[in-house]
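If you want the building blocks of each chain, they are given just below.
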Amino acid sequence: MRHRLLGELSREKVLVSPSVLASDFSCLGEEVKRVESGGCDMLHLDIMDGHFVPNLTFGPGVVSSLRKGTGLLFDTHLMLTNPLSYVKAFAEAGSDLITFHVESEDDPREVVDAIRGQGCSVGISVKPGTSAKVLEQYIELVDMVLVMTVEPGFGGQSFMAEMIPKVAEIAAMFREKNPRGLIEVDGGIDARTAPEIIRAGAGVLVAGTAVFRAKEGAAEAIRVLHSYSELLPAR
Ligand code: DX5
Ligand code: ZN
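Values in this document were obtained by computation on a predicted structure and should not be read as measured data.

Visitor: Provide a residue-level description of the coordination of the zinc ion (ligand 2), including the pertinent values.
Guide: Note on the zinc ion (ligand 2): its protein donors are His44 (NE2), Asp46 (OD), His77 (ND1) and Asp186 (OD). The metal-donor distances range over 2.1 to 2.3 Å. Each of the six donor atoms around the zinc ion (ligand 2) contributes to a set of angles spanning 70 to 169°, which defines the coordination as octahedral. The sequence motif formed by the donor residues of the zinc ion (ligand 2) is H-x1-D-x30-H-x108-D.

Visitor: Any chance you could break down the nonpolar core for me, citing the residues and the numbers?
Guide: In terms of nonpolar packing, the biggest core is built from 67 residues, with Val145, Val147 and Ile170 touching the most fellow members. If one sorts the elements of this core by residue count, helix α5 (residues 164-177) sits on top with six residues. If you look at the next biggest cluster of nonpolar residues, it comprises twelve residues, including Met42, Leu146, Met148 and Val150.

Visitor: Summarise helix α2 (residues 60-67); cite the residues concerned and give the values.
Guide: Each turn of an α-helix holds 3.6 residues, which means side chains three or four residues apart point in the same direction. Every buried residue of α2 is accounted for by Val63, Leu66 and Arg67. Projected down its long axis, α2 shows its buried positions confined to an angular sector of 105°, all on one face.

Visitor: Could you give an account of the site of ligand 1, naming the residues involved and the relevant values?
Guide: Asp46, Gly153, Asp186, Gly208 and Thr209 are the nearest of the 20 residues found near ligand 1. Here an oxygen atom of ligand 1 and a backbone polar atom of Gly153 are 2.7 Å apart. Here ligand 1 occupies the largest pocket. Within the residue set of the shell around ligand 1, elements represented by two or more residues are β2 (42-48), β3 (73-79) and β8 (204-207). Ranked by residue count, the leading element in the shell around ligand 1 is β2, at three residues. When grouped by side-chain class, the residues that make up the shell around ligand 1 number eight nonpolar, ten polar and two charged.

Visitor: Could you give an account of the side chain of Thr99, with specific residues and numbers?
Guide: As for its placement among the helices and strands, Thr99 is situated in strand β4 (residues 97-101). Given a relative accessible area of 0%, Thr99 falls into the buried group.

Visitor: So, the layout of surface pockets: which residues are in play, and what are the values?
Guide: Any empty space left between the atoms is revealed when a probe the size of a water molecule rolls over them. Considered as a void within the structure, the largest pocket measures approximately 340 Å³ in volume. Together, 29 residues line the largest pocket, and Gly155, Gly156, Gly187, Gly188 and Thr209 are the ones closest to its centre. Of all the elements in the fold, those that place two or more residues in the lining of the largest pocket are β2, β3, β8 and α7 (209-212). When its residues are assigned to classes, the lining of the largest pocket shows 13 nonpolar, twelve polar and four charged. If you trace the second largest pocket, you find it lined by Ala171, Phe174, Arg175, Pro179, Gly181, Leu182, Ile183, Gly201, Leu232, Pro233, Ala234 and Arg235. Mapped by element, the contributors of at least two residues to the lining of the second largest pocket are α5 and β7 (182-186). When residues of the lining of the second largest pocket are assigned to their parent elements, the largest contribution, three residues, is made by α5. Each residue belonging to the lining of the second largest pocket can be placed in one class, and the counts come to eight nonpolar, two polar and two charged.

Reading the values: the criteria
- Residues numbered from 1 in each chain as written.
- Chains lettered and ligands numbered in written order.
- Predicted model: local features only at pLDDT ≥ 70, side-chain atom pairs only at ≥ 80, totals over all residues.
- Heavy atoms only, no water.
- Donors = N, O, S within 2.8 Å, 3.2 Å for Na, K, Ca; no water.
- Tetrahedral: all angles 85-135°; square planar, octahedral: opposite > 155°, others 65-115°.
- Core = buried A, V, L, I, M, F, W, Y, C linked by side-chain atoms within 4.5 Å.
- Buried < 20%, exposed > 50% of the residue type's maximum accessible area, 1.4 Å probe, protein only.
- Helix = DSSP H or I, 4+ residues; strand = E, 2+ residues; numbered from the N terminus.
- Arc of directions from axis to C-beta.
- Near = heavy atom within 4 Å.
- Polar contact = N/O pair within 3.5 Å; in protein donor to acceptor, adjacent residues only side chain to side chain.
- 1 Å grid on protein atoms, 1.4 Å probe; cavity = no way out; pocket = protein on both sides within 12 Å on 5 of 7 lines; lining within 4 Å.
- Sits in = over half its atoms within 2 Å of the grid points.
- Nonpolar A, V, L, I, M, F, W, Y, C, P; charged D, E, K, R; others polar.
- Points joined across faces, edges and corners; volume = space filled by probe spheres on them.

And the structure:
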């Protein structure tokens, strides 16, 4: 399978990745169409194993079904104790960008190689309690760092502003060692919390509740997040 790569997307704007966790699962395909026609840049798929995080979502079968209905870049966030065992299945199901947690039990270098081996873009994620320092040794190997701005496991939680300096620290690492690298933030991101974290260097915004449950509609919520593109620091 040929995968879409993160490098193909525009660097000029903030990229919006709606998390389907906040969508209506009884009509998932329609929900994806709704955010795609609303102008999102990719689709965030939260994969939880009930072990790494205390919740369960869905597996490669659902990803593969969704793949048939959209050309969006699939941004797959693996919240799994053993990501290595599942990289191939998610890549074959149609994931384009695969992000795993540095706190998982597998050797991060092996997971990076497995994701690359599938022809996908690579993301590495840190939970709120994990220091940016642990990423130093991996920063040149990855396309993206996903900074969790809530404890992973559930949608609809409050944004942790304490993560803003961490984003700035990772942005400095990328500038020095891997200028093409992107930072994604995930958890409690909305029109109110996005500006400051974009200024710190976040170029990819995951938004579940703020997009899928927006009273003003998904397209308007996405438009507002895109309008903050001018806040992106010069790269
Ligand atoms: C949480 C997930 C998030 C979640 C975000 O573990 O990784 O992607 O869906 O949801 P909101 O945007 O509602 O905080
Ligand atoms: Zn996520």
